[in-house]
Amino acid sequence: MPSNLIGLYDGLKLSTADLDGSNRGMVISAHPDDGDLGAGGTVALLAQNGLSIRHIVVTDGRKGSPDPDTDQKLLVQNRLAEQKAAAKHLGVESVRSLSFPDGELKADRTLLEALVREIREFKPEIVFTHDPESVTSGSGWIHHNDHRATGSAVIDAVYPAARDPLNFPDQIRDGLEVHNVQTLYLWDTNKANINVDISEVFEQKLLALLSHHSQFPNSARLVNNSRIQWQDVDGRYREEFRKLDLWA
Ligand SMILES: [Zn+2]
């Protein structure tokens, strides 16, 4: 474990024990680009430490354009391709889209079933997603409904749905097994209890973000804003999370 995985926020530390026995991490984001913004640096560090990482994108991103004449089918294809290109920069092994319509997500039984299936299939010890409790932040930020719906459904999938065989028993009959996720990391949180120094992999995060051409057409502006957003007062780059140790 490199020293850059030592968390500093509020005195809580990301210890070596966090990765003991961890082989797989899963990022679950509402849209292409969210996971790279929220956790790209930390994910790159985990991949460097030998974890296999899978990224699940819940929606198809079809509304991610300011142009009313956008070819949405093409946009969906492009955004998935952008996410796959970004994944390569971070060491993420696989990207899957659940293809729910962008902007219309509900934390309902259909979404829950799809997420439980992904968790039971891949069996991640660590899951990263949006903090659903963040409706607004600061004095000028509203968190997208799809982000909140995703975060809420992921939490329900992690506990108790993926754990209990009587939830979605068809999946068990199909040969999947119940699964306990050990640790949940929530980004976009107003209740951070840990941060991760991502300075060593910050250029990788930038390259991942730059892969999302459709969302960030002005590369220079993206690089400049990113440096401001993730740089701490000491000059280091950090990502913040609310971390939940579920079975400690
Ligand atoms: Zn988003």
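Parameters and conventions
- Residues numbered from 1 in each chain as written.
- Predicted model: local features only at pLDDT ≥ 70, side-chain atom pairs only at ≥ 80, totals over all residues.
- Core = buried A, V, L, I, M, F, W, Y, C linked by C-beta atoms within 7 Å.
- Buried ≥ 20, exposed ≤ 12 C-beta atoms within 10 Å, placed from the backbone.
- Helix = DSSP H or I, 4+ residues; strand = E, 2+ residues; numbered from the N terminus.
- Contact = placed C-beta atoms within 7 Å.
- Right-handed = clockwise from strand over helix to strand, strands pointing away.
- Pairing = 2+ DSSP bridges.
- Axes fitted to C-alpha atoms, helices over the stretch in contact; angles between N-to-C directions.
- Parallel < 35°, antiparallel > 145°, perpendicular 65-115°, else oblique.
- Left-handed = near helix turned anticlockwise from the far one by under 90°.
- Nonpolar A, V, L, I, M, F, W, Y, C, P; charged D, E, K, R; others polar.

S.K.: How should the nonpolar core be read in this particular structure?
M.R.: Burial of nonpolar side chains together is a common tendency in soluble globular proteins. With 55 residues, the main nonpolar core has V43, V127, A157 and V158 as its most contacted residues. Broken down by element, this core gets its largest block of residues, seven residues, from helix 4 (residues 145-161). Excluding residues that lie within four positions of it along the chain, A157 makes contacts with L112, L115, V116, I119 and A162.

S.K.: How should I be thinking about the pairing of strand 1 (residues 24-29) in this particular structure?
M.R.: Judged by how many residues are buried, strand 1 sits mostly within the fold: five of six residues are covered. Between strand 1 and its parallel partner strand 2 (residues 52-59), the chain crosses via helix 1 (residues 34-48), and the hand of that crossover is right-handed. Sheet topology note: the strand 1/strand 4 (residues 126-130) ladder contains three bridges and is parallel. Within strand 4, the residue paired with M26 across the bridge is V127.

S.K.: Is there a simple way to explain unusual backbone geometry in this structure?
M.R.: Backbone geometry follows two general trends: most residues other than glycine have a negative phi, and most peptide bonds adopt the trans configuration. Cis geometry marks the peptide bond from Y159 to P160, where omega comes out at 5 degrees. Examined against the element boundaries, P160 turns out to sit in helix 4. Positive phi, close to 55 degrees, is recorded for K123, a residue that is not glycine. Exposure remark for K123: the 16 C-beta atoms within 10 Å place this residue in the partly exposed category. Look at D188: it is not a glycine, yet its phi comes out positive at around 55 degrees. Positionally, D188 belongs in the loop between strand 7 (183-187) and strand 8 (194-197). The buried category is assigned to D188, around which 25 C-beta atoms lie within 10 Å.

S.K.: Explain the environment of A208 here, please?
M.R.: Following the sequence through the fold, A208 ends up in helix 6 (residues 202-210). In the structure, A208 is positioned 167 residues away from G41 in sequence and 9.5 Å away in space, judged by C-alpha atoms. Every residue in contact with A208, bar those within four places of it in the chain, is listed here: D36, G40, A86, H89 and L90.

S.K.: Even after reading the chapter, I still don't get the packing of helix 3 (residues 109-122) against helix 4, so can you show me in this structure?
M.R.: The description of two helices packed together rests on the angle between their axes and the distance between the axes. Contact pair helix 3 / helix 4: the axes reach a minimum separation of 9 Å and the direction vectors enclose 60 degrees. In this view, helix 3 runs oblique relative to helix 4, as classed from their interaxial angle. When you trace helix 3 past helix 4, the crossing you get is right-handed. On helix 4, the residues that touch L111, L112, L115, V116 and I119 of helix 3 are A153, V154, D156, A157, V158 and A161. Along the lines of polarity and charge, the residues of the contact of helix 3 with helix 4 split into 10 nonpolar, no polar and one charged.

S.K.: So what exactly am I meant to see when it comes to the packing of helix 6 against helix 7 (residues 219-230) here?
M.R.: Two elements in contact, helix 6 and helix 7, have axes whose closest approach is 10 Å; the angle formed by their N-to-C orientations is 140 degrees. When the axis of helix 6 is compared with that of helix 7, the two are oblique. Taken as a pair, helix 6 and helix 7 cross one another with a handedness that is right-handed. Contact residues: L206, L209 and L210 in helix 6; S219, L222, V223 and S226 in helix 7. Its residues placed into classes, the contact of helix 6 with helix 7 shows five nonpolar, two polar and no charged.

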